[in-house]
Structure formats: C-alpha cells, structure tokens
Amino acid sequence: MTREEALNLYFLDARSKLIDLAAFLDRVERSPGEDDFRLRSFRAALQELSKSEPEKAKAVLLTLSDPTMEPLERATIKGAAGAWPQFKS
Amino acid sequence: MAAIQELMRYIEPHAHMVSRVTDDYLAMTTAGCQAVCEPAFWAGFDRGSAEGFRDYFSLLTEHEPKRAANFRLPHFCWLCINPKESEDTKLADEVLAIIPDFINRPNVLGIGEIGLNKNSRNEISVLEKHVDLARRLNQLILVHTPHLEDKLKGTRLIIDILKNQKQIDPGRVLIDHVEEHTAPLVLEAGFWAGITLYPQSKCTPPRAIDMVERYGSDRLWLNCACDWGASDPLAVPKTALEMRKRGHSDDAIDFLIYRNPCRFLRQSPVFTLS
C-alpha cells in the first residue's frame with residue numbers, strides 16, 4: 001500500500017477521530033473541576049503523536065499502562081480505568 | 001467453480017456464544033464460519049459455587065454444540081475458572097477439581113481462557129494451578145490478558161509464569177488480546193498471539209492488519225470474542241474485507257483466518273473438521 005493509498009483509505013476516518021479528540025478536550029475543559037490521572041495520561045499520550053518515532057500506537061499504549069511488575073496484594077475491583085492511577089506527568 | 005473457490009472461509013477461535021442469540025450462529029455460518037471455539041469466561045457476575053461451574057461446563061460441552069449443530073457449525077470449547085473469579089481461591093480450587101470430569105468430552109480443546117485480570121497474587125496462584133493442570137493433562141492453553149492499563153504488566157507476568165514451567169511448549173499456548181505494546185513480547189517468547197477485534201476497546205480491524213503487516217501472520221489469529229458486551233460476531237470476516245481493501249491476497253487472508261487457527265487448534269486431537 002502506497003502512502004497515497006493509505007491516505008485514500010484512512011484519512012477521512014482519522015480526520016473524524018481527530019476532531020472527536022479535540023471536541024472531547026473542549027468538553028472536559030469546559031467542565032468545572034481538576035484534571036485527574038486519566039486526563040494527565042491522555043495529555044501525555046497526545047504528545048507522542050507529534051514525535052517522529054515510528055511506533056506511535058505502542059507509545060500511546062505504554063503511556064496509558066501500569067509500568068510496574070509487583071503483583072497487587074488483592075484484586076478489590078474487576079474493571080480497569082484506561083490509565084494508570086499512579087501516573088505522574 | 002471459480003466463484004465457489006473465492007468464497008471466504010474462517011474459523012472463529014474465540015466467541016462466547018452462550019451470550020449470543022441464535023441469529024448470530026446464522027450470520028456467522030452465512031459469512032463462511034467453519035467452526036466456533038468458546039472459552040470458559042466470567043458470566044458478568046460471580047458464581048456462588050463450583051456447582052454453578054459444573055452447570056456451565058455442561059452447557060459448553062452439551063447444549064451449545066447442539067445449538068451450533070442446527071447450522072452445521074462445529075462447536076469446540078475450553079474449560080477453566082476465569083481470572084475475574086480467581087480472587088476466591090477456595091472456589092477456584094473446587095472448580096479446578098471438577099475440570100478433569102469434563103476434559104475428555106468430545107469438543108474440549110484444552111484449558112482456557114485462563115490468565116490475569118487485575119494482576120493480583122491470588123490470580124497468579126490460580127493461573128499457576130491451571131498451567132500445572134494443563135501440563136499434567138497434556139492440554140493446549142488459551143490465555144486471557146488483562147484490560148487497558150493492566151495489560152502490559154499482566155502480559156509480562158503471564159509470560160514469566162509460563163516460561164517458568166519448563167515442560168510447557170510455547171507453541172501449544174496462545175496468548176490472547178494482544179495490542180501493539182504486547183504482541184512483540186508474546187511472539188518473541190515463542191507463543192501464539194490472538195488479536196481481538198472490538199468496536200470500543202482492544203483492537204480495530206485497521207490496527208489488527210497493521211500488526212499482521214509488522215509482525216507477520218505466522219503465529220497470529222484474529223477473533224471477535226463476542227459476548228454480552230459491545231462486540232461483533234462478524235468482526236473476523238469484516239477484517240478480512242479490510243485486508244482485501246489493502247490489497248492482501250485471498251491466499252494471505254485464508255492463511256490468517258482459516259489455515260492458521262486450524263494449525264494451532266489441530267494440536268488438539270479433538271479439533272477435526274469434516
């Protein structure tokens with residue numbers, strides 16, 4: 001697949017998702033309150049998109065991941081938040 | 001004859017059909033599904049006793065194959081207690097004890113989907129017991145990796161646990177729900193990897209094909225993992241169409257969605273297609 005073919009297939013979809021991301025940030029920032037670990041992680045992940053490194057999807061996923069290896073003492077919930085609560089920007 | 005040869009065929013290697021309506025069997029068969037494989041999973045609520053699992057394993061080995069057979073679709077399954085219910089180690093031990101009662105039933109492929117959810121010590125203990133059971137019974141293993149922020153850590157822990165069991169052949173283990181940050185870890189360790197196609201989490205068809213193009217399709221399969229949540233039982237054939245849009249050949253598509261899952265699953269003597 002050439003770059004032009006990739007753009008033909010995916011540009012409009014990616015454009016739509018980009019505007020959705022922008023609208024999401026506008027919506028959150030209009031809402032009163034403070035950023036939490038999810039939004040801090042999200043903003044950090046966005047920085048990865050403007051870098052020149054080739055594995056941007058992997059970099060975003062790593063930014064949103066628990067990087068530790070120590071097991072939890074107990075699982076008190078079943079769900080996941082989508083970002084690591086201890087994330088520090 | 002040429003038109004017949006161009007019809008798509010695929011294996012759905014991971015679908016929780018207990019959660020799906022009969023129309024889904026019809027749709028999958030119409031789309032070219034040749035067999036469906038159903039891992040044991042969390043029912044959306046914690047079961048109160050091992051007897052609840054005995055009923056569930058009966059459903060997976062008796063009722064669901066009959067429902068699929070109405071569409072001439074072979075149905076296979078995997079048995080375990082899911083990591084979401086592994087925090088209760090007494091219940092887990094009781095469920096592990098009844099698995100041998102079912103393991104030789106004619107549609108049982110192995111032990112799965114075992115793994116981790118929140119990466120707790122109890123989940124790890126129950127995972128290790130499942131792996132040991134699979135070793136003793138010489139069964140294939142299907143592994144679930146955690147969701148979202150827990151996936152990277154869980155995948156690393158799972159690989160360490162499996163590698164510590166020297167008698168486990170990585171070629172007989174599939175680690176599922178990989179994404180861009182975990183697929184290389186799984187494949188470089190010699191395991192098979194599964195990509196799950198979900199509309200909101202896990203992986204989209206374009207990302208799945210990106211991974212196929214980057215890492216090769218040799219030890220990869222695609223699955224829909226359809227259940228009671230947001231999921232699409234036709235995600236695999238839809239991804240095949242996406243591959244076709246990108247110019248992948250019919251042979252490459254057939255390899256990824258039919259011959260490859262057959263190659264892994266045929267390591268179980270149970271997996272035969274007429």
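From a predicted model like this one, the values you see are computed outputs, not experimental measurements.

Parameters and conventions
Residues numbered from 1 in each chain as written. Chains lettered and ligands numbered in written order. Predicted model: local features only at pLDDT ≥ 70, side-chain atom pairs only at ≥ 80, totals over all residues. Buried ≥ 20, exposed ≤ 12 C-beta atoms within 10 Å, placed from the backbone. Helix = DSSP H or I, 4+ residues; strand = E, 2+ residues; numbered from the N terminus. Bend = angle between axes of the 7 residues up to and from the residue. Pairing = 2+ DSSP bridges. Axes fitted to C-alpha atoms, helices over the stretch in contact; angles between N-to-C directions. Parallel < 35°, antiparallel > 145°, perpendicular 65-115°, else oblique. Left-handed = near helix turned anticlockwise from the far one by under 90°. Contact = placed C-beta atoms within 7 Å. Domains from an automatic or database assignment. Arc of directions from axis to C-beta.

Let's shift gears to the pairing of strand β3 (residues 75-79) of chain B. The element β3 of chain B is largely enclosed, with a buried count of 5 among its 5 residues. Here β3 of chain B shows two buried faces, one formed by His-75, Cys-77 and Leu-79 of chain B and the other by Phe-76 and Trp-78 of chain B.

It is worth spelling out helix α1 (residues 3-30) of chain A at this point. Its axis deflected by about 50 degrees at Tyr-10 of chain A, α1 of chain A carries its strongest bend there. The element α1 of chain A is largely exposed, with a buried count of 0 among its 28 residues.

This paragraph deals with the pairing of strand β8 (residues 220-223) of chain B. Residues and elements named next belong to chain B. Burial along β8 is two-sided: Leu-220 and Leu-222 and Trp-221 and Asn-223, pointing in opposite directions, are all buried. By the bridge criterion, 4 bridges tie strand β7 (residues 192-196) to β8 in an arrangement that is parallel. Residue pairing in the sheet places Gly-194 in a bridge with Trp-221 of β8.

A separate point is the packing of helix α5 (residues 121-137) of chain B against helix α6 (residues 151-164) of chain B. All names here are of chain B. Interaxial distance between α5 and α6 falls to 11 Å at its minimum, and their mutual angle equals 40 degrees. On the basis of their axis angle, the class for α5 and α6 is oblique. For α5 against α6, the interelement crossing comes out right-handed. Residue-level inspection shows Ile-124, Leu-127, Glu-128 and Val-131 of α5 in contact with α6, the latter providing Leu-157, Ile-161 and Leu-162.

The next point concerns the domain arrangement of chain A. Taken domain by domain, chain A comprises domain 1 (1-32) and domain 2 (34-64). A separation of 15 Å is found between the C-alpha centroids of domain 1 of chain A and domain 2 of chain A.

Let's shift gears to the sheet that holds β7 of chain B. Residues and elements named next belong to chain B. Pairing is parallel in the open sheet, where 8 strands are placed in the order β1-β2-β3-β4-β5-β6-β7-β8. The open sheet has two edge strands, β1 (10-12) and β8, and neither has a second partner. Averaged over all pairs of adjacent strands, the angle between their axes in this sheet comes to 25 degrees, without regard to strand direction. Pairing analysis gives 2 bridges linking strand β6 (residues 173-175) to β7, with the strands arranged parallel. Looking at the pairing, Ile-175 lines up with Ala-193 of β7. Against the sheet, α5 touches β4 (108-115) and β5 (140-144), its axis set at about 160 degrees to β4.

Across the boundary between the two partners, chain A contributes 24 residues, which contact 27 residues of chain B. For the side of chain A that touches chain B, the secondary structure elements donating two or more residues are α1 and α3 (56-63) of chain A.

This brings us to helix α8 (residues 205-215) of chain B. Residue and element names in this part refer to chain B. Buried within α8 we find Pro-205, Ala-208, Ile-209, Met-211 and Val-212. Each buried residue of α8 lies within a common arc of 155 degrees when the element is viewed along its axis, so the set occupies one face. At its buried positions, α8 is contacted by α7 (183-188), β7, β8, α9 (235-245) and α10 (250-265). Positive backbone phi, approximately 80 degrees, marks Gly-216, located one or two places after α8.

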